[in-house]
Amino acid sequence: DTGVSQNPRHKITKRGQNVTFRCDPISEHNRLYWYRQTLGQGPEFLTYFQNEAQLEKSRLLSDRFSAERPKGSFSTLEIQRTEQGDSAMYLCASSLDRDTDTQYFGPGTRLTVL
Amino acid sequence: AQTVTQSQPEMSVQEAETVTLSCTYDTSENNYYLFWYKQPPSRQMILVIRQEAYKQQNATENRFSVNFQKAAKSFSLKISDSQLGDTAMYFCAHGGSNYKLTFGKGTLLTVNP
């Protein structure tokens, strides 16, 4: 069990650029979640997948955000036309489809939009 | 919608002593789970302990235990024999039928030598 991994760990970009983050869940975990955490706050839910299907999206996920999970394995989160307000830590988590559904988190990708 | 409230932004405790972190929540669901996560300065979120709402017995995990009061919608975390490595942000979270977690704003715990 290598845990949830995320790449890159840090990303600095200029306003208006597109960025893409990757998350590799724990193997055999069929659920994958994306959260956003700003300084001094708890993580906020963005979206989640069961296998390759995206089942729920938060209102926080504007049209500039898109997430995919092809083949139900890794997931990507893309932000188009980044804004300074997008600066945050983006956390990925995964879980097994069992009744306890405990989510295990990756180290996160810190995005800074200049 | 679920809400989670942590009313203590910061707390400190002396090494080897006991500290209790508070959490209250609001939910319309009957079946749900509650979690405490720890986020050390390196920022990797780590599960500390979880509680199934249908279980009356309070969960324990080594030095960590919870006081779950379902009627009062209270879920506090007790850390016994505090260690320097316990210094971190602690988040209380609610998980329901829609699987997403709702987090509180966190409590920054500092363990002093």
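Attention in this report is confined to the structure presented alongside it. Because the structure is predicted, anything quoted here is derived from the model rather than measured. (Residues numbered from 1 in each chain as written. Chains lettered and ligands numbered in written order. Predicted model: local features only at pLDDT ≥ 70, side-chain atom pairs only at ≥ 80, totals over all residues. Heavy atoms only, no water.)

### A few points about the pairing of strand E9 (residues 88-95) of chain A
All names here are of chain A. The condition is simple: Under the scheme applied here, a residue whose accessible area is under 20% of the maximum for its type counts as buried, over 50% as exposed, and between as partly exposed, the area being computed with a 1.4 Å probe on protein chains only. Numbering of helices and strands runs from the N terminus; a helix is a DSSP stretch of H or I covering at least four residues, while a strand is a stretch of E covering at least two. DSSP bridges decide pairing: two strands pair if at least two such bridges lie between them.
Taken across its eight residues, E9 has eight buried, putting it largely inside the fold. Sheet topology note: the strand E4 (residues 31-37)/E9 ladder contains seven bridges and is antiparallel. Counterpart to tyrosine 35 in the pairing with E9 is leucine 91. For E9 and strand E11 (residues 109-113), the ladder comprises three bridges, and the chain directions are antiparallel. Opposite tyrosine 90, over in E11, you have threonine 109 as the bridge partner. Two strands pair when backbone bridges link them, and E9 and strand E10 (residues 104-105) are joined in this way by two bridges, in the antiparallel orientation. Looking at E10, one finds that serine 94 is bridged to tyrosine 104.

### A look at the pairing of strand E6 (residues 53-57) of chain A
Walk down a regular strand and you will see the side chains alternate between the two sheet faces. Residues and elements named next belong to chain A. Across four bridges, the pairing between strand E5 (residues 44-50) and E6 is antiparallel. Bridged to threonine 47 within E6 is lysine 57. As consecutive antiparallel partners, E5 and E6 are separated by two residues, and within that stretch asparagine 51 has a phi angle of approximately 55 degrees, a positive value.

### Some words on the layout of surface pockets
Empty pockets left among the atoms are what a rolling probe the size of a water molecule brings to light. Note the threshold: Every definition here rests on a 1 Å grid over the protein atoms only: cavities are sets of points where a 1.4 Å probe fits but cannot get out, pockets are open sets enclosed by protein on both sides within 12 Å along at least five of seven lines, and lining residues have some atom within 4 Å of a point. Grid points are joined across faces, edges and corners, and a volume is the space filled by probe spheres set on the points. Charged means Asp, Glu, Lys or Arg here, nonpolar means Ala, Val, Leu, Ile, Met, Phe, Trp, Tyr, Cys or Pro, and polar covers whatever is left, Gly included.
One number sums up the size of the largest pocket: a volume of about 490 Å³. In terms of lining residues, the largest pocket is bounded by 19 residues, among which A:Glu44, A:Phe45, B:Gln2, B:Thr102 and B:Phe103 are the most central. At three residues, strand E11 (residues 101-103) of chain B tops the list of elements feeding residues into the lining of the largest pocket. Residues belonging to the lining of the largest pocket are distributed by class as follows: seven nonpolar, eight polar and four charged. Taken as a whole, the second largest pocket encloses approximately 150 Å³ of empty space.

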